[in-house]
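For reference, the chains in residue letters:
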Amino acid sequence: MRTIYTTFMCVIWLCISAATALAQQRQVTGVVTDQQGITLPGVTIAVKGTSSGAVSDAKGAFSISLPGKEATLVFSFIGMKTREVQVAVGQSKVDVSLQNASRDLNEVVVVGYGTTKKSDVTGSVGSIKGSDLNRVPSANVDQLLQGKIPGVQVIAPSGQPGAGATIRVRGYGSRSDANALVVIDGIPLGDAGGIKQVNPDDIESIEVLKDASSAAIYGSRGANGVILITTRRGKTGQARIGLTALTTVSTLGNKLDLFTDPVDVASINNESRINGGEAPQYVGQVIGGTYYPSVAELRGIDPTKQPWPYKTNWVNLVYRNPISQSYTLSADGGTDKTKYSVSGNYYNEQGLAIKNGYEKYIGRANLEQKLKSNVTLCVNIIANWTKNYGQGLSVDRNIIFPAYNPDGTYFHIGSNDYNNPVQIANEVLNKSKTLDLLSSAYISWDIVKGLNFRTRISNAFGNSISDNYQPRDATSSGYQFQGLGTVSNYDSNHLIVENFLTYDRDFGTKHHINFVAGTSYETQTVRTSSIQGQGFVNDILKDENLAGATTYLVANNSTKSVLESYYGRFNYSFLNRYLFTFTGRTDGSSKFGANNKYAFFPTGAVAWKVNEEAFMKNIPQVSELKLRGSYGIVGNQGISPYQSLSLLGSYKYFTDGGFQTGYGPPFFNDGSNTNGKVFNGLGNKSLKWETTRQLDIGIDLGLFNQRFTLNADYYFKHTTDLLRLNQIALSSGYSVIQINDGVIDNKGFEMGVNAQILQGKFDWSVGGNFNLNRNKVLNIGGGNSIEAAQGDIEAIRAPLNYYINGYPAQVFVGYLFDGIVQQTGGTSPVDGTVQKAGDLKYIAGGPLAVGQNGKYIIGNPNPDFTYSFNTSLKYARFDLSTQFYGVKGNDVFNFSKFTPSAQLQRWTPDNPTNLFPSVNSTRVNYASDWYIESGSFLRIQNVNLGYTLKPQTIKGISNLRVYFSGNNLYTFTKFNPSFDPEVQENGQFGGNYRKPRTYSLGVNVSF
């Protein structure tokens, strides 16, 4: 009985105690936001010192139980700085704002086959988050990268819809393939063209591996740098739905330099023909079925003629102010076991030229599923469908004549005129459709603590079809062949199978190791085919009626290459201040000779976290000070398959009024023969890898808790065994052979600076990059000291860019300009003809001449340095950012220098200028430094003004930002103001698709 009583009293006591404890518990609620007041779902809230916790919902709201006494809440979220908040007794509401931790040293960066903390990186790695890219509207990731990462030069000379850009990482280091390797979600895709397959809104981060140590894990493809793109992944928490919408209006970015007065056109044309020994045209006569009015008739002072009725504004006919649109819908979320992220994007860009545009659909899905507590399956798919149509059009057509005849047909200036841009836009078919499918799947197995095994299979599939048709009266080729239609197909399949182990462990408090070892097997097949029809009864069906052609040309090709690799990387950290990295990769490629298919690429790197030393503890202002150094060897296999084999080829040639097929040893093709195929000829069993040895010394500095950061690197790249074609004696039975010969050096300095000047309700940050690179050809190979980089250019009847020992790659070679000939007489040192008054005068020969024909080095297309700087202001819910981008010290060879405004300032007996020559219809032009102009510029790249609504202003919307953006707003330059100074890498400018100035209105919404 006593036992029962005692038990009963204990139960009563426990109930009272529990009730008392329950009475002392309290509910605390609140909302978590970022610095701009945007709610943050999925934030972890923990009660310090206990196991209790909560997670904020889709609206950033949370509710948590606390004891009756004072407590501390710990708020943590990826990308944000962890914050602790004291909650007083009786306090029931806590609203918290988290600070961005983008500059935090614990930020994780991708380094190839793994990740690491930013503070533990030993190599030179540039990183940018997707959130920083997405604040500037663009459909092309490559152009968004311009000016963002030190050491990365992005050249985007064309405004053509869908046009890509050239990306160079630390200079031009190869004659065969100088492009950086692009890797998307672990799938190596080749050069920068692969970037177009990603929607910028889907990007989580971009890392650029610049030095040998960081890029060596990719071995034979890392010589020119590696660009790693990681797309978004699902995160644990409630589902989030996002919508971005963007509308862009484009206008011409430069005022065009064109004739506006028909009298000037006729007068200068007559003068040009007279100076060239030809009869003038504009004298009121019919030539080739076209009437050419006299100058007096155009002036309206010929009493026998009516005023000339035409003054065509070709700019208004050819160009427009197009509207482009982009929409992205995304959803992501997940649980502890399942995470997902899906998105779809539609992009439609209209070109400045009529009937020209680019359309793109991108779908992406990522699913991560825990099969067991230690086994995870991940599947990632990106599907990209694009359509290009139309072409660039000229607007410098003669304004005296109309676009249409009175009967509505297209007007031609004579029987041989096939340059009516309106007709070309409307009648010439130029269309391509492309499907790219990137898919990968991996299984990750955590074998024991710190040891992970991952097996991954990836596939990149690409297929495109191109349609082209040139009507009989629209183009010269169409007239020549009485209709010319072509259908081309391209099919590529790139399969990659990888298996690798990762071991990551701490040993005590002093030692940490991270080890990666794996194998990779890649195979890529490419098939191409085309059929061309010539001679059609009519143009109605265009290339849909190739069976109706009188002549056919059929071509097809198939290649396969295999890459087998073994790689490993070992990271060791002692006392979290002394860091060591050793990387090695062996690659075997089917592209090389039987004697040299395999090569080993080793690298090493060290880093010292000076700020972790005891003597730095008394300097709290220095939050980071790290010294880095690396050295290693990486390779390049950037040639087509089968180059080590002796080849016989087939090609078409025209003779006796028709095409014949030839078989036999290949011939050298410099690009001027459009009917031939290029086969490299004599085999080379010793053909091997092009290799680059690179030294890098760097420093990372952070002050005042990373409010000021500086990253600087000096590098030296020495590339040997250049892969190049070498011409050989025809007595060998072949004309060329692929060899390893030549040396190119690149050395440079790069620096990135960022500063958070003000932080709080009013934020102000500034940043910038500086990149200096010096390129030098030490040996072009083949026993030569000078060699043309390309074949003859029709306008100057000679090559222009050259490789010369001791000089930068692709320098310009030509004659020296010595003013304008003022009096007829004397002999030209160039061609021996009599110098005529008004001609360009040249200096040829002399002690500084190079090669033959007395030519000189007249210019260098490589810039002295590139730079960018940006500033960002935030106040309350407004944000304003501006980016500038500049290039300094490069030369441009401007084939279009003699513009209409220059012709109006031409040499005449009454205007004996030394600036511009006379006009002359039969003059032979030569390359000279008269054509050289400074390509330096500073561009206002982007200005972006946004406003973010207060959360829940609109029910159901957790975040809404509206913004207005302007791109390519103004360019400061001494280059001809009619053109954009940003030209292709070789520095040649002969007119390109004009880069538009754009104004965009966009909205980002999260539900």
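Residues numbered from 1 in each chain as written. Predicted model: local features only at pLDDT ≥ 70, side-chain atom pairs only at ≥ 80, totals over all residues. Heavy atoms only, no water.

Enquirer: What is the right way to look at the overall build of the protein chain in this model?
Expert: Helices and strands together make up the secondary structure of the protein chain, namely 10 helices and 53 strands. Relative to the compact-globule value of 30 Å for 1007 residues, the protein chain shows a C-alpha radius of gyration of 33 Å, a close match. Seen through its C-alpha atoms, the protein chain measures out along the principal axes to roughly 135 × 70 × 65 Å. When the 1007 residues of the protein chain are sorted by exposure, 50% land in the buried category. Taking the contacts inside the protein chain whose residues are at least 6 apart along the sequence as the reference set, 68% of them involve residues at least 24 apart. (Helix = DSSP H or I, 4+ residues; strand = E, 2+ residues; numbered from the N terminus. Rg over C-alpha atoms; globule rule 2.2 N^0.38 Å. Buried < 20%, exposed > 50% of the residue type's maximum accessible area, 1.4 Å probe, protein only. Contact = heavy atoms within 4.5 Å.)

Enquirer: Even after reading the chapter, I still don't get the packing of aromatic side chains, so can you show me in this structure?
Expert: Any two aromatic rings considered together are summarised by their centre-to-centre distance and by the angle between their planes. Summed over the entire model, instances satisfying the criterion amount to 40 aromatic pairs. On the numbers, 5.7 Å between centres and 80° between planes, the contact of Phe601 with Trp689 is edge-to-face. Placement of Phe601 in strand β30 (residues 598-609) and of Trp689 in the loop between β33 (658-664) and β34 (690-703) is noted, with a sequence separation of 88 residues between them. Phe601 gets classed as buried once you look at its relative accessible area, which sits at 1%. In textbook terms, an aromatic cluster arises when at least three aromatic residues are bridged by ring pairs, as seen for Phe812, Phe893, Phe895, Phe898, Phe916, Trp930 and Tyr931. Arg505 extends its terminal NZ or CZ atom over the ring of Phe507, reaching a point 5.7 Å from the ring centre. For Lys897, the ring lying beneath its charged end belongs to Trp930, and the centroid distance is 4.6 Å. (Phe/Tyr/Trp six-rings, centres within 6.5 Å; stacked < 30°, edge-to-face > 60°. Lys NZ or Arg CZ within 6 Å of the ring centre and 35° of its normal.)

Enquirer: Explain the sheet that holds strand β48 (residues 891-894) here, please?
Expert: Strand pairing in a sheet takes place through backbone hydrogen bonds and is either antiparallel or parallel in direction. The 3 strands lie next to each other as β49-β48-β52, forming an open sheet whose pairing is mixed. Strand pairing shows two members of the sheet lacking a second neighbour, β49 (932-934) and β52 (988-989), which therefore form its edges. Across 3 bridges, β48 lies against β49 in antiparallel orientation. Within β49, the position partnered with Phe893 by the bridge is Ile932. (Pairing = 2+ DSSP bridges.)

Enquirer: How should I be thinking about the pairing of strand β15 (residues 203-209) in this particular structure?
Expert: Looking along a regular strand, one sees the side chains alternate between the two faces of the sheet. Burial runs high along β15: 6 of the 7 residues are buried. In this sheet, strand β16 (residues 226-231) lies alongside β15 in antiparallel orientation, the contact comprising 6 bridges. Counted as the bridge partner of Ile206 is Ile229 from β16.

Enquirer: Explanation requested: a nonpolar patch on the surface in the structure shown.
Expert: Taken together, the side chains of Phe515, Phe570, Phe580, Phe582 and Val606 make up a nonpolar region of the molecular surface, amounting to roughly 420 Å² of accessible area. Overall, Phe582 belongs to the partly exposed group, its relative accessible area being 47%. (Patch = residues over 30% accessible without salt bridge, like charges linked within 9 Å, V, L, I, M, F, W, Y side chains within 5 Å. Areas by Shrake-Rupley, 256 points an atom, 1.4 Å probe, with all protein chains shown as cover. Salt bridge = Lys/Arg side-chain N within 4 Å of Asp/Glu carboxyl O.)

Enquirer: Teacher, can you tell me more about the nonpolar core here?
Expert: One broad trend across soluble globular proteins is that nonpolar side chains are buried collectively. Residues Ile206, Ile227 and Ile229 are the most contacted members of the largest nonpolar core, which totals 28 residues. Sorting the residues of this core by element identifies α3 (141-144), β11 (152-155), β12 (166-169), β13 (181-184), β15 and β16 as the ones contributing at least two each. Residue contributions to this core peak at 3 residues, all from β15. With residues up to four places along the chain from it excluded, the contact list for Ile229 reads Val182, Val183, Ile184, Asp185, Ile195, Val198, Ile203, Ser205 and Ile206. (Core = buried A, V, L, I, M, F, W, Y, C linked by side-chain atoms within 4.5 Å.)

Enquirer: How do you make sense of helix α5 (residues 262-275) when you look at a structure like this?
Expert: Residues spaced three or four apart along an α-helix point in a common direction, a consequence of the helix completing one turn every 3.6 residues. With 14 residues, α5 extends 20 Å from end C-alpha to end C-alpha; this agrees with the ideal 20 Å at 1.5 Å per step. Of all the residues in α5, the buried ones are Pro262, Val263, Val265, Ala266, Ile268, Asn270 and Ser272. Buried residues belonging to α5 abut α6 (295-299) and α10 (900-903). For α5, the N-terminal cap is Asp261; the gap from its side-chain oxygen to the backbone nitrogen of Val263 is 3.0 Å. Phi turns positive, to about 80°, at Gly277, one or two residues after α5. (Expected span 1.5 Å × (residues − 1). Polar contact = N/O pair within 3.5 Å; in protein donor to acceptor, adjacent residues only side chain to side chain.)

Enquirer: I'm lost on the pattern of salt bridges in this one. Help?
Expert: Pairing between side chains of opposite charge can happen when their charged atoms approach one another. Under the counting rule described, the total for this entry stands at 34 salt bridges. Two residues, Lys93 and Asp95, come together in a salt bridge whose shortest N-O distance is 3.6 Å. Judged by relative accessible area, which is 47%, Lys93 ranks as partly exposed. Among the residues examined, Asp95 registers a relative accessible area of 51% and is labelled exposed. Of the charged contacts, one joins Arg232 and Asp332 as a salt bridge, the two residues approaching to 2.4 Å between their closest N and O atoms. Of this pair, Arg232 sits in the loop between β16 and β17 (237-252) while Asp332 sits in strand β20 (residues 323-334); the two residues are 100 residues apart in sequence, bridging distant segments of the chain. Each of Arg170, Lys210, Lys626, Arg628, Asp696, Asp700, Asp713 and Glu750 takes part in a single network of salt bridges with overlapping partners.

Enquirer: Help me understand the sheet that holds strand β5 (residues 71-76), please; the structure alone is not making it clear to me.
Expert: Across the sheet, 4 strands lie side by side as β3-β2-β5-β6; this open sheet has antiparallel pairing. One side of each edge strand has no neighbouring strand; the edge strands of this open sheet are β3 (53-55) and β6 (83-87). Direction aside, the axes of adjacent strands within the sheet are offset by 20° on average. Sheet topology note: the β5/β6 ladder contains 5 bridges and is antiparallel. The residue of β6 that forms the bridge with Ala71 is Val87. (Axes fitted to C-alpha atoms, helices over the stretch in contact; angles between N-to-C directions.)

Enquirer: Got a minute to help me understand the environment of Ser373 in this structure?
Expert: One can find Ser373 in the loop between β22 (357-372) and β23 (375-389). Measuring from C-alpha to C-alpha, the distance between Ser373 and Lys337 comes to 8.6 Å, with 36 residues separating the pair along the chain.

Enquirer: Just checking my understanding: could you explain the environment of Phe507 for this structure?
Expert: With respect to the element layout, Phe507 can be found in strand β26 (residues 484-507). Phe507 sits 21 residues away from Thr486 along the chain, and the two C-alpha atoms are 66 Å apart.

Enquirer: Hey, could you run me through the side chain of Asp543 in this one?
Expert: Mapped onto the elements, Asp543 comes out in the loop between β27 (511-534) and β28 (551-574). The buried charged residue Asp543 lacks any salt bridge partner; its closest oppositely charged side chain belongs to Lys431, at an N-O distance of 6.8 Å. In this structure, Asp543 is in contact with Leu429, Asp467, Asn468, Tyr469, Gly485, Thr486 and Val487, ignoring residues within four places of it in sequence. (Lys, Arg positive; Asp, Glu negative; His and termini not counted.)

Enquirer: Can you walk me through unusual backbone geometry in this structure?
Expert: The backbone of Arg170 sits at a positive phi, close to 60°, despite the residue not being glycine. With respect to the secondary-structure elements, Arg170 resides in the loop between β12 and β13. On the accessibility criterion, Arg170 (1% relative accessible area) is buried. Not every positive phi belongs to a glycine, and Leu575 is a case in point at roughly 60°. Locating Leu575 in the fold gives a position in the loop between β28 and β29 (578-589). With a relative accessible area of 26%, Leu575 lands in the partly exposed category.

So, to be careful, I would describe these as geometric facts and stop short of saying anything about function.
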